[in-house]
Amino acid sequence: MINKLLFTTLIVAASAIMPLMAQNDTTRNIIMKDVVVTGTRNETDIRHLPMTISVVNRVQIEQEHQSSILPVLNTQVPGFFSTSRGVMGYGVSTGASGQMSMRGIGGPAQAGLPTTGLLVLIDGHPQYMGLMGHPIADAYQSMLVERVEVVRGPASVLYGSNAMGGVVNIVTRRMVQDGITTDIDVSAGSYGTFRSEAANRIRHGKFSSTVTASYNRSDGHRRDMGFEQYGGYVKLGYDFSQRWRLWGDLNITHFNASNPGETFDPYIDNDQRITRGMASMALENSYDRTSGALSFFVNWGDHYINDGYQPGKEPLDYRFNSNDQMLGISWYQSAQFFRGNRITVGFDYFHFGGKAWNQYFDGSRDIQADRRQDEVAAYADFRQDIVSWLTLDAGVRFDHHSHSGNEVIPQAGLAFRLPDNAEIKAMASRGFRNPTIREMYMFPPQNPDLLPESLWSYELSYIGRKIDNRLTYSANLFYINGDNLIMRLPRPNGSGMLNQNSGHIENFGAEAAIDYTFNSNWSINANYSWLHMENPVLASPEHKLYGGANFSQGRWMASTGLQYVKGLYTDLDTKNQENFILWNLSASFRATKWLTLYVRGENLLAQKYEIMAGYPMPKATFMGGIHLKF
């Protein structure tokens, strides 16, 4: 009933808009906005896409002075939220943070479950762990990021499983003009925290390269909460012509993390040594009426974990080990056959899995899993300008999983371009997620008979631009209905727990954002999201509000922001919710052409709060550093 009502609402809204558009069709002057790649594979004016996409650029990332991109997305993307447990580092396994959710989808429905419904991409390539099926938050460092494009809603037609809540696409850095640029950033601050990164970018004729390296560490604000990370990224590209380009990249990060456990349930020697890697290669073509790419990618990991022990108990006599891989081949080609038309077809093949075991001190092994799975899919996306002010977009994906079988995933939407550079968009899309190897075969309560999760999402959004695009504002409404969500529930015979397709989700809410540039010195931005959940989940606040301001004058720059979070569940058993306000402030001074000094303070109101139950966050923290550019 609700689904029919939503479709009727969208049709009525479209009928009301059409006459208004026709009156102004020949006199409007539309100014180009962002060009994105995530919503349609090829570069597309965002005004022609029906889905909601947020773009976080390099300037915004650099202003935050964060080693990870997640804190930046928390403030800049409405509807998105990620968990944290300390000053730096997220970790894996028990007590890990970095779980992500979009509109209540993707984050853990129960304590201890990782993010599997929100897909992270690097240059369009999936990055989830082969065994567990979730992204590794510590692998997404800001040093390699040119911008981040976030699809706030299902993107399963283009990207398959795990994209049912949305997509976070990390677009890596690239030198576009001839020359050599080097950046070095070093900072230090509270709790022995140290952050450093260096980036060198070169372009000479047809050749381009980007090389970055980083080292980060922190003692943490609690005992036994240290974190240390090394990372490096290399990207090489060669333009055969204006039409053809070949590039390849390699990213490796290693981190050591310690988890002290919850304050009410502490752990001793819960330590991790994790190495993650990613490599890819792509051959791209770009013509006036067609463009596409053929790419190969692989990501892998080696995990060594001491799960620790509780005070008064004996240390474990084994260590958990795992290695996982995910490799794939992707091809797409987009073509314009006639005016206002764009058809994209593509093919994906993914092979993923790995091996996990407990290594005992006596030399014996207890194999937890040794499995591989495959996913193969073909998809098509059709976009057509019906008239100059209306675009229809429709797509479908045929997906085959070696365990789950076949899935058909459709989506459809409309984008109306109104007078005065305004837009109305309507979108209906299906998202899905295949069960992971972990859920089916590893650790009780595993269940090999699990089926895919599925949901439908409906969205209506408005975007306006005024004052020569110095003012941009948007608002949207959404409704999500899903079934077959995987949950840990008692077995039918009452003997323990079992992963079962018994969950249901019904979320609806609203989001809004505004950006205004007063002049060359001042700008402000704000965003708000409200989320109602019939069945609450962790890491998905009911209200999230952020407001920020930026100032620059001569050699001085400053930015500040307030974030308000209300109704954040940290424990579903006790129904415990957190409410808090965070105030951050940063300032910089360009001492010379090549040297900038900066300081940053976080949680300056010294709020006492938790994002994860039993993990109190630090109060006010401070960092100071230098940035060299030559």
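Residues numbered from 1 in each chain as written. Predicted model: local features only at pLDDT ≥ 70, side-chain atom pairs only at ≥ 80, totals over all residues. Heavy atoms only, no water.

J.: For this particular structure, what's the right way to read the packing of aromatic side chains?
T.: Aromatic ring pairs are defined here through the distance separating the ring centres and the angle between the ring planes. In the structure shown here, the tally under the stated rule is 17 aromatic pairs. Seen from their ring centres, Tyr462 and Tyr473 are 6.1 Å apart, and the 40° between their planes marks the pair as tilted. With Tyr462 in strand β25 (residues 453-466) and Tyr473 in strand β26 (residues 471-490), the pair connects residues that are 11 residues apart, well separated along the chain. What makes Tyr462 partly exposed here is its relative accessible area of 31%. Here the aromatic cluster, defined as three or more aromatic residues joined through ring pairs, consists of Phe194, Tyr215 and Tyr230. Lying across the ring of Trp247, Lys235 places its NZ or CZ 4.7 Å from the centre. (Phe/Tyr/Trp six-rings, centres within 6.5 Å; stacked < 30°, edge-to-face > 60°. Helix = DSSP H or I, 4+ residues; strand = E, 2+ residues; numbered from the N terminus. Buried < 20%, exposed > 50% of the residue type's maximum accessible area, 1.4 Å probe, protein only. Lys NZ or Arg CZ within 6 Å of the ring centre and 35° of its normal.)

J.: Hey, could you run me through empty space enclosed by the protein in this one?
T.: Take a probe with the size of a water molecule and roll it over the atoms, and the empty space left behind shows itself. Summed over all chains, the structure comprises 10 cavities of 30 Å³ or more. Here the largest cavity defines a volume of roughly 790 Å³. The wall of the largest cavity is formed by 43 residues, among which Gln66, Pro71, Gly86, Val87 and Glu602 lie closest to the centre. Among the secondary structure elements, those contributing two or more residues to the lining of the largest cavity are α3 (70-76), β4 (80-82), β11 (193-204), β13 (227-239), β30 (556-571), β31 (576-590), β32 (595-602) and β35 (621-629). When residues in the lining of the largest cavity are grouped by element, the largest group, 4 residues, is from α3. Classifying every residue of the lining of the largest cavity by side-chain character gives 16 nonpolar, 21 polar and 6 charged. (1 Å grid on protein atoms, 1.4 Å probe; cavity = no way out; pocket = protein on both sides within 12 Å on 5 of 7 lines; lining within 4 Å. Points joined across faces, edges and corners; volume = space filled by probe spheres on them. Nonpolar A, V, L, I, M, F, W, Y, C, P; charged D, E, K, R; others polar.)

J.: Can you walk me through unusual backbone geometry in this structure?
T.: Note: most peptide bonds trans; most residues except glycine with negative phi. Look at the link from Pro444 to Pro445: it is a cis peptide, with omega at 15°. Among the secondary structure elements, Pro445 is positioned in the loop between α5 (437-441) and β25. Even without being glycine, Tyr191 reaches a positive phi, approximately 60°. When you line up the elements, Tyr191 lands in the loop between β10 (179-189) and β11. Classification of Tyr191 as partly exposed rests on a relative accessible area of 36%. With a phi angle near 55°, Ala606 is a residue other than glycine that sits in the positive phi range. For Ala606, the location among the structural elements is in the loop between β32 and β33 (610-612).

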